[in-house]
Amino acid sequence: MTSTSTSAHRDGYVPFPAAAAAEYRSAGYWAGRAIGDLLTDAARRAPAAPAVLTDAGPWSYADLDAAADRMAHGLLALGIAPGDRVVVQLPNVPEFATVLFGLLRAGIIPVLTLPAHRRAEIEHLANLAEAVAYVIADELGDFDYRALAAEVRPAVPTLRHVLVLGSPGEFTALSAVPREPSGELPAVDPSDIALMLVSGGTTGLPKLIARTHEDYAYNAAASAGITRLTADDVYLATLPAAHNFPLACPGILGAVTVGAAFTFLTDPSPESAFAVIERHRVTVTALVPPLAQLWTAAVEWEEADLSSLRLLQVGGARLADVNAREVTPALGCTLQQVFGMAEGLINYTRLDDSSELICTTQGRPMSPADELRVVDENGVDVEPGSEGELLTRGPYTINGYYRAPEHNARAFTPDGFYRSGDLVRRLPSGHLIVSGRIKDVINRGGENVSCDELEEHLLAYPGVRHAAAVGLADAVLGEKVGVVLVVSGAMPSLTEIKTFLTGRGLATYKLPDVLRQAETLPVTAVGKIDKKVLREQG
Ligand code: OOB
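Small disclaimer: the values here were computed from a predicted structure and weren't measured.

> Please clarify how the overall build of the protein chain should be interpreted in this entry.
Secondary structure assignment for the protein chain yields 17 helices and 27 strands. Relative to its length of 538 residues, the protein chain is compact, with a C-alpha radius of gyration of 23 Å against a globular reference of 24 Å. Once the C-alpha set of the protein chain is aligned to its principal axes, its extents read approximately 75 × 55 × 50 Å. The buried share of the protein chain, reckoned over its 538 residues, is 57%. In the structure as shown, the protein chain presents an accessible area of about 21,200 Å², 52% of it carried by carbon and sulfur atoms. One way to put it: in the protein chain the 44 positive side-chain charges average out to a point 3 Å from where the 64 negative ones average out.

> Please explain the pattern of salt bridges as it appears in this structure.
Any two side chains of opposite charge can pair, on the condition that their charged atoms come close. Counting across every chain of the model gives 27 salt bridges. The salt bridge involving arginine 403 is made with glutamate 130; its shortest N-O contact spans 2.9 Å. Separated by 273 residues along the polypeptide, arginine 403 in the loop between strand 20 (388-393) and helix 14 (405-411) and glutamate 130 in the loop between helix 5 (119-129) and strand 5 (133-137) bring together distant segments of the chain. Residue class for glutamate 130 comes out partly exposed when judged on its relative accessible area of 38%. One salt bridge connects glutamate 455 with lysine 531, and the closest N-O pair in it is separated by 2.7 Å. Separated by 76 residues along the polypeptide, glutamate 455 in helix 15 (residues 451-459) and lysine 531 in helix 17 (residues 531-537) bring together distant segments of the chain.

> Any chance you could explain the UniProt feature "domain: AMP-binding enzyme C-terminal" (unreviewed entry) in the protein chain here in plain terms?
Here the UniProt-annotated "domain: AMP-binding enzyme C-terminal" (unreviewed entry) positions come out as residues 453-528. Structurally, residues 453-528 comprises 22% helix and 33% strand, and the distance from its first C-alpha atom to its last is 17 Å.

> Would you mind going over the sheet that holds strand 5 with me for this structure?
One open sheet holds the seven strands; their spatial order is 9-8-5-3-4-10-11, and the pairing between them is mixed. Of all the strands in the sheet, just strand 9 (172-173) and strand 11 (208-212) have a single pairing partner and so form its edges. Where helix 6 (residues 145-152) meets the sheet, it contacts strand 3 (85-89), strand 5 and strand 8 (161-165), and its direction lies at approximately 160 degrees from that of strand 5.

> Teacher, can you tell me more about the packing of helix 7 (residues 213-226) against helix 9 (residues 251-258) here?
Relative placement of two packed helices is described by the angle separating their axes and the distance separating the axes. Packing of helix 7 against helix 9 leaves a shortest axis separation of 8 Å and a crossing angle of 75 degrees. Taken together, the axes of helix 7 and helix 9 lie roughly perpendicular to each other. Of the residues in helix 9, those in contact with Tyr216, Ala220, Ala221 and Ala224 of helix 7 are Leu253, Gly254, Thr257 and Val258. Grouping the constituent residues of the contact of helix 7 with helix 9 by class yields six nonpolar, two polar and no charged.

> Explain the nonpolar core here, please?
Within soluble globular proteins, side chains that are nonpolar generally end up buried alongside one another. Formed by 151 residues in total, the largest nonpolar core has its most connected members in Phe96 and Phe262. Residue contributions to this core peak at eight residues, all from helix 4 (residues 95-106). Listed in part, the 20 residues of the second largest apolar core include Ile442, Val449, Leu454 and Val487.

> So what exactly am I meant to see when it comes to the site of the ligand here?
Around the ligand lies a shell of 20 residues, among which His243, Val338, Ala342, Asp422 and Lys528 are the nearest. Within the contact set of the ligand, an oxygen atom lies 2.9 Å away from a side-chain nitrogen or oxygen of histidine 243. Within the side chain of aspartate 422, a nitrogen or oxygen atom sits 2.5 Å from an oxygen atom of the ligand. The fraction of the free accessible surface of the ligand (600 Å²) that becomes covered by protein chains is 93%. Within the residue set of the shell around the ligand, elements represented by two or more residues are helix 8 (244-248), strand 16 (334-341) and strand 22 (432-437). The biggest single contributor to the shell around the ligand is strand 16, with four residues. Taken together, the residues of the shell around the ligand break down into nine nonpolar, seven polar and four charged.

Cut-offs applied
- Residues numbered from 1 in each chain as written.
- Predicted model: local features only at pLDDT ≥ 70, side-chain atom pairs only at ≥ 80, totals over all residues.
- Heavy atoms only, no water.
- Helix = DSSP H or I, 4+ residues; strand = E, 2+ residues; numbered from the N terminus.
- Rg over C-alpha atoms; globule rule 2.2 N^0.38 Å.
- Buried < 20%, exposed > 50% of the residue type's maximum accessible area, 1.4 Å probe, protein only.
- Areas by Shrake-Rupley, 256 points an atom, 1.4 Å probe, with all protein chains shown as cover.
- Lys, Arg positive; Asp, Glu negative; His and termini not counted.
- Charge placed at Lys NZ, Arg CZ, Asp CG, Glu CD.
- Salt bridge = Lys/Arg side-chain N within 4 Å of Asp/Glu carboxyl O.
- UniProt positions renumbered as here; feature names shortened; annotations may be inferred.
- Pairing = 2+ DSSP bridges.
- Contact = heavy atoms within 4.5 Å.
- Axes fitted to C-alpha atoms, helices over the stretch in contact; angles between N-to-C directions.
- Parallel < 35°, antiparallel > 145°, perpendicular 65-115°, else oblique.
- Nonpolar A, V, L, I, M, F, W, Y, C, P; charged D, E, K, R; others polar.
- Core = buried A, V, L, I, M, F, W, Y, C linked by side-chain atoms within 4.5 Å.
- Near = heavy atom within 4 Å.
- Polar contact = N/O pair within 3.5 Å; in protein donor to acceptor, adjacent residues only side chain to side chain.

The structure is reproduced here in structure tokens:
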């Protein structure tokens, strides 16, 4: 069945153990379809149904299906072979779907990088994957990706093609790639690597996460089930489409699985997002907490009809309970908290959970086959309800990072559980409360201060819009507690904050030593607050 001419792409890939794979297949989690086939199925079922909503009008499922086929044939005609890796760095535009499905159909492996990645990340990822091509847009905002490609190309010896959406400059126009289909596309083995995601890790260089067709198709289908996505839904990709959350939780791939329409947003500001929601009657979208806070506040001043929105998913970082409670009153839709990771495991609050569970937990595992352990620093399971590190394995969680054997020895247990680094508590219902990251703790003279806990208290202070706690180097204590606040109105003094936190019953050693105001907080490529940068800023 495997038709890839070489299997070099599997060097350094850590497969599912054979027994587990057999189990996931026989239990029906893995359906044996390649992701490219999901689009074929949707186009057969309802060819005229809208797939991608663009400014110029809708592309039907038949249109998208045909465009993906032409792209697949064109890519193969360039000499890119099944199993080859291609770095994709596109903004949230309709062509993202054509490129993604074109690559998947041809059995070529997209390495999905984010628009905010720059030379260090792209060079590293392209070399690690031995990429043969790099797909970019000409420019976005004031950034020229062709200039980035010109820097990257000489540093990546395997790179043969740079394909540019828009004006190509010295490179090849993406619009010149598609070819009319001539013959059959090569068969794609559903157990083979479909695509590579980039780890969201905040330490060291990003790692590659290889996901197979059958595991990722299951991720999308099960997510679509939990969010009750149907062909009547309109999904809006607000976060960068290359990220696991808008891509497959349920995201674009979930939409294709059920034949729903989807659309893209390049600017997630409330002004532009609300206009798109109104225009396309968007029903579901996904945000990171800082954006959710912004949208919730913006209903005060942005005039728009958001009545089509039925579900707002929020995840990627801890959504403070106070902010969670504001979502439904402000936006008039159900909130779903999503605690997921590119490595696999996704937890969702369910649509019919009590509002208490929805506002105070980060959900429970998507799949009955997800295995979770909550362990102490010695790897021993904690008492039910106690805090510990979350370990997991299951039908859509990787067994190792791609080409990273040394790191894998630490990041996975000998029996194949992924060590998430996340600190959680598990309720009797199975819902998890994320209480921090193993490393997102400030060690103040031997006392541990959880940044999440402190931030939650700070957000309760009137006028505080965003809060970040970081450990700052201190000659005496080792680390001291630094706090950065974004406020609307007057900035509180350090004394006022300390008095407030003491009033909320916080231990003295958790009180900030240093307080700083900022206009905005620095964010990572997907929009999470970037603690690394904050620490560097001091
Ligand atoms: C999502 O994926 P990544 O790979 O960018 O980041 C994963 C990490 C988790 O290990 C955890 O530390 C944090 O991000 N995280 C959360 C969270 N969701 C993710 N921490 C607290 N509360 C949450 N709700 O971020 C991701 C992937 C798929 C769906 C949603 C998010």
